[in-house]
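Descriptive structure summary
If you want the building blocks of each chain, they are given just below.
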Amino acid sequence: MADATPPTAWSAAGSGGGRSARFDEVFCGLLPRLYRRAVMLAGSRQSAEDAVHEAYLKLAARPQRFLAHPEPYAYAFTAVLSATRDAYRKERRQVLVDEVAEVAGAGAGFGEWDGGVGRRHAELEAVRLLGRLTHRQAGIVILVDLDGYTLDQAAKIMKVHRGTAARHRARALDRLRGYLVESEHGRAGR
């Protein structure tokens with residue numbers, strides 16, 4: 001996870017005078033969660049840091065909107081998703097996360113501590129799989145399946161109709177299932 005660089009260090013980039021201490025306090029409180037989700041969307045730590053920084057700059061331009069929002073995380077997540085999408089469109093290619101090498105003993109006995117290797121392997125696999133989805137599909141899956149929002153709440157955050165959100169999620173889950181079956185067949189063939 002990226003370090004929680006205080007946004008005040010970012011302000012030199014020009015967000016300037018309209019920012020308040022309250023804005024920085026609330027945004028800093030969301031940074032760890034935003035960084036984790038941004039990595040899942042962007043596929044790499046550096047791209048995630050850039051997306052969160054861009055989101056900060058967008059939100060810092062109008063801090064009163066961010067602070068007045070009933071769910072600041074949802075508002076910030078939407079800005080991160082937008083920044084990630086913009087970066088993807090700008091580059092016209094996505095940096096893929098390298099295949100995760102099999103770690104001996106990662107699936108050892110249930111309940112055995114492996115130093116966090118198993119969890120990290122799962123996180124990298126999730127990032128790799130989410131990177132194969134569209135930004136909207138990944139956003140809906142993250143909001144509903146990882147962050148625990150209802151489909152209605154996720155649709156509102158993503159500013160799409162509930163049916164559209166449901167369709168994106170269903171297609172995303174179908175693609176993910178297909179990728180998992182594909183990878184299982186690849187491992188069985190080894």
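Just so you know, these numbers come straight off a predicted model, no measurement behind them.

**A short note on the pattern of salt bridges**
For the coordinates displayed, the defined rule picks out 10 salt bridges. Two residues, D86 and K58, come together in a salt bridge whose shortest N-O distance is 3.4 Å. Taken together, the positions of D86 in helix α5 (residues 72-91) and K58 in helix α3 (residues 45-60) put the pair 28 residues apart, joining distant regions of the chain. On the accessibility criterion, D86 (38% relative accessible area) is partly exposed. For D174, the salt bridge goes to R177, with nearest N and O atoms at 3.0 Å. Placement of both D174 and R177 in helix α9 (residues 162-188) is noted, with a separation of 3 residues, approximately one turn of the helix.

**Considering unusual backbone geometry**
Positive phi, close to 60°, is recorded for K159, a residue that is not glycine. Position of K159 among the secondary structure elements: in the loop between α8 (151-158) and α9.

**Here's the deal with the packing of aromatic side chains**
Per the stated rule, a full pass over the model turns up 8 aromatic pairs. Through successive ring pairs, a cluster of aromatic residues spans F23, F27, Y56, F66 and Y75. Positioned above the aromatic ring of Y73, the side-chain terminus of R33 is 3.6 Å from the ring centre. Against the face of Y179 rests R132, its NZ or CZ located 3.8 Å from the ring centre.

**Comments concerning the environment of E54**
Here E54 lies in helix α3. Judged by relative accessible area, E54 falls into the partly exposed class, the value being 39%.

**As for the nonpolar core**
Core analysis: the biggest nonpolar cluster contains 49 residues, and F27, L34, V52, F66, F77 and V80 have the highest contact counts within it. Breaking this core down by element, the ones donating at least two residues are α2 (21-42), α3, α5, α6 (117-130), α7 (135-146), α8 and α9. Those residues in contact with L34 that lie beyond four places of it in its chain are F27, V52, Y73, A76, F77 and V80.

**Examining the side chain of D147**
Tracing the chain through its elements places D147 in the loop between α7 and α8. When its relative accessible area of 15% is taken as the criterion, D147 is described as buried.

**Observations concerning α8**
Those residues of α8 that fall on the buried side of the exposure criterion are L151, A154, A155, I157 and M158. Take α8 and look down its axis: the buried residues cluster within an arc of 160°, on one side only. Downstream of α8 by one or two residues, K159 has phi in the positive range, about 60°.

**As for the confidence of the model for the protein**
Within the protein, residue pLDDT values average 78, and 75% of them lie at 70 or more. Within the protein, no element has a lower average pLDDT than helix α1 (residues 7-10), which sits at 48, and none a higher one than α8, at 92. This stretch, residues 1-6, has a pLDDT under 50; its non-local contacts, to residues over four places away or in other chains, come to 15 contacts. Contacts for the low-pLDDT stretch residues 8-18, under 50 throughout, to residues beyond four places or in other chains number 19 contacts.

**Considerations on the packing of α7 against α8**
Relative orientation of the contacting elements α7 and α8 amounts to 135°, with a least axis distance of 9 Å. Considering their axes alone, α7 and α8 lie oblique with respect to each other. As α7 runs across α8, the sense of the crossing is right-handed. For the pair formed by α7 and α8, the contact residues are R136, G139, I140, L143 and V144 on the first element and L151, A154, I157 and M158 on the second. In the contact of α7 with α8, the residues fall into 7 nonpolar, 1 polar and 1 charged.

The rules behind the values
Here the residue numbering is sequential within each chain, running from 1 through the sequence in written order. In keeping with the predicted nature of the model, local features appear solely for residues at pLDDT of at least 70, side-chain atom pairs appear and are counted solely at 80 or more, and the whole-chain, interface and lining totals rest on all residues. Side-chain numbers come from the whole structure's heavy atoms, not from hydrogens or water. A pairing counts as a salt bridge when a side-chain nitrogen of Lys or Arg comes within 4 Å of a carboxyl oxygen of Asp or Glu. Secondary structure counts use DSSP, requiring at least four H or I residues in a row for a helix and at least two E residues in a row for a strand, with both numbered from the N terminus. Exposure classes here rest on a 1.4 Å probe applied to the protein chains alone. A residue is buried below 20% of its type maximum, exposed above 50%, and partly exposed in between. Two aromatic rings, drawn from Phe, Tyr or Trp (for Trp, its six-membered ring), form a pair once their centres lie within 6.5 Å of each other, and the interplanar angle then sorts them: stacked below 30 degrees, edge-to-face above 60, tilted otherwise. In this scheme, Lys NZ or Arg CZ marks a charge over a ring once it lies within 6 Å of the ring centre and within 35 degrees of the ring normal. Each nonpolar core is a collection of buried residues, namely Ala, Val, Leu, Ile, Met, Phe, Trp, Tyr and Cys, held together in the definition by side-chain atoms within 4.5 Å. Working rule for contacts: check all heavy atoms of both residues, and any pair within 4.5 Å makes them a contact. Arc definition: it is the arc formed by the directions from the helix axis to the C-beta atoms. A score between 0 and 100, pLDDT records how confident the predictor is in each residue. Helix axes use the C-alpha atoms of the stretch in contact, all axes being lines fitted to C-alpha atoms, and the angles between their N-to-C directions lie in the range 0 to 180 degrees. An angle counts as roughly parallel when it lies under 35 degrees, as roughly antiparallel when it exceeds 145, as roughly perpendicular when it falls between 65 and 115, and as oblique in every other case. Working rule for handedness: look at the near helix, and if it is turned counterclockwise from the far one by less than a right angle, call the crossing left-handed; if clockwise, right-handed. Under the convention adopted here, Pro, Cys and the residues Ala, Val, Leu, Ile, Met, Phe, Trp and Tyr are nonpolar, Asp, Glu, Lys and Arg are charged, and Gly plus all remaining residues are polar.

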